[in-house]
Amino acid sequence: MKLIVTGGSGFIGSNYLQYMIANYPGYTFINVDALTYAGNQENLTSIANHPNYRFVQADIADRAAMELIFAHEGVDAVIHFAAESHVDRSITQPDIFVRTNVLGTQTLLDLAKQYEVAKFVHVSTDEVYGTLGDTGLFTETTPLAPNSPYSASKAGSDLLVRAYHETYGMNVNITRCSNNYGPYQFPEKLIPLMIQRALADQPLPVYGDGLNVRDWLYVEDHCSAIDRVLHAGRPGEVYNVGGNNERSNLQVVSTILSELGKPESLLTFVPDRLGHDRRYAIDADKIRTELGWSPKYDYQSGIKSTIRWYLDNQDWIEHIQSGAYLGGRS
């Protein structure tokens, strides 16, 4: 099987490529990544020289560049991770999110249709559902109600994927995951940011009252779920992927401080983010029952593994902080 993996130099994409090459060494993987600020080739050092792995630098919204790949590769499946994903950035630069997440997805869908790609897996987010109250869970039938430019752009791309199935009969799946964490996550995100600030004895900024709740999913568990959807997902279906690990932001930060032996006095509350959703929680029963998936990591084992990885890979962090990982690109 030959797969295009878009955004494979980012956090989840790079973990997915490492997971898949370890489990399917006979498959061929083409990593297509624009190498924006969040794309890091150092994430893929362990597989860079694998005979069945190849990297192509390209923008998914650039049809001419993408068509060169589809026209000459005989691709069997597209696993679509590539997206602008940081909510804070979407508030100040929403146009970039619409271009990549909506137009880029439509470009990929059109080429996948034209070149008769057998499977298209679109990796989305639980943020498209909006926010929950103190109770309840997102299911695959929960109406989409995005509250940030980021989540709105992802909802738009989800609907395009659905439309290509309904209109053209394309074999597509959409996965909607809860908050991922683990190795190689860009340090603008909550967990790696807080680890680095705690190690430096700097204040740890927490939005609002810190009681916004997320369901935390260890990235390797997410990769295994996408693996199951690729191989067994029913055409046109949406699958929610969650870790069943609800924690408030304050609980997450407190765990990090405790694991690192740092004082709670480093916690600093800052004004809340615009449109900050209060609670996300995923019902992942469908993927469990239909596809036999279940997470391997609970919150305690996942967070300890994550903290240990960042402690053991300070050179990776330092290259990001210094800009060395950019390799001369801006």
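Our subject is the structure listed above.
Just so it is clear, the structure is predicted and the values come from calculations on it, not from any experiment. Residue positions are given per chain, counted from 1 along the sequence in the order it is written. In keeping with the model being predicted, local features are shown solely for residues with a pLDDT of at least 70 and side-chain atom pairs are shown and tallied solely at 80 or more, while totals for entire chains, interfaces and linings include all residues. The side-chain figures draw on all heavy atoms in the structure; neither hydrogens nor water molecules are used.

## Section: the sheet that holds strand 1 (residues 2–6)
Any two strands are treated as partners once DSSP identifies two or more bridges connecting them. A run of H or I in DSSP becomes a helix once it reaches four residues, and a run of E becomes a strand once it reaches two; helices and strands are each numbered from the N terminus. One open sheet holds the 7 strands; their spatial order is 3-2-1-4-5-6-10, and the pairing between them is parallel. Edge positions in the open sheet fall to strand 3 (53–57) and strand 10 (238–241), since each of these has one partner strand only. Taking the axes of each pair of neighbouring strands and ignoring which way they run, one obtains an average angle of 20 degrees across the sheet. In the sheet, strand 5 (residues 119–125) pairs with strand 6 (residues 172–177) via 6 bridges, with the strands oriented parallel. Bridging across to strand 6, V121 finds its partner in N173. Where helix 1 (residues 11–23) meets the sheet, it contacts strand 1, strand 2 (28–33), strand 3 and strand 4 (77–80), and its direction lies at approximately 175 degrees from that of strand 2. In what follows, residue pairs with any heavy atoms lying within 4.5 Å of each other are defined as contacts. Throughout, an axis means a line fitted to C-alpha atoms (over the contacting stretch in the case of helices), and angles, computed between N-to-C directions, take values from 0 to 180 degrees. Of the strands in this sheet, strand 1, strand 2, strand 3 and strand 4 touch helix 2 (residues 63–73), which is tilted by about 170 degrees from strand 2.

## A closer look at the packing of aromatic side chains
Stacked, tilted and edge-to-face are the three classes assigned to paired rings of Phe, Tyr and Trp, where Trp is represented by its six-membered ring and a pair needs centres within 6.5 Å; plane angles under 30 degrees give stacked, over 60 edge-to-face, the rest tilted. Taken as a whole, this structure holds 17 aromatic pairs when the rule is applied. Summarising the aromatic geometry, the rings of Y37 and F186 are spaced 5.2 Å apart at their centres and angled 80 degrees between planes, so their arrangement reads as edge-to-face. Placement of Y37 in the loop between strand 2 and strand 3 and of F186 in the loop between strand 7 (179–181) and helix 6 (190–199) is noted, with a sequence separation of 149 residues between them. Relative accessibility thresholds used throughout: buried, under 20% of the residue-type maximum; exposed, over 50%; partly exposed, between the two (1.4 Å probe, protein chains only). Look at F186 and you get buried, because its relative accessible area is 15%. Ring geometry for W309 versus W316: centroids 5.3 Å apart, planes at 75 degrees, classification edge-to-face. Looking at W316, the relative accessible area reads 5%, which means it is buried.

## Thoughts on helix 8 (residues 249–260)
Think of an α-helix as 3.6 residues a turn; residues three or four steps apart then line up on the same face. A helix's residues, less one, multiplied by 1.5 Å, set its expected span. End to end, helix 8 covers 17 Å across 12 residues, agreeing with the expected 16 Å (1.5 Å per residue, within 8%). Restricting attention to buried positions, one finds in helix 8 the residues N249, V252, V253, S254, T255, I256, L257 and L260. As for helix 8, its buried residues are in contact with helix 6, strand 8 (204–207), strand 9 (213–218), strand 11 (246–248), strand 12 (267–270) and helix 10 (299–312). Following helix 8 by one or two positions, G261 adopts a phi angle in the positive range, close to 70 degrees.

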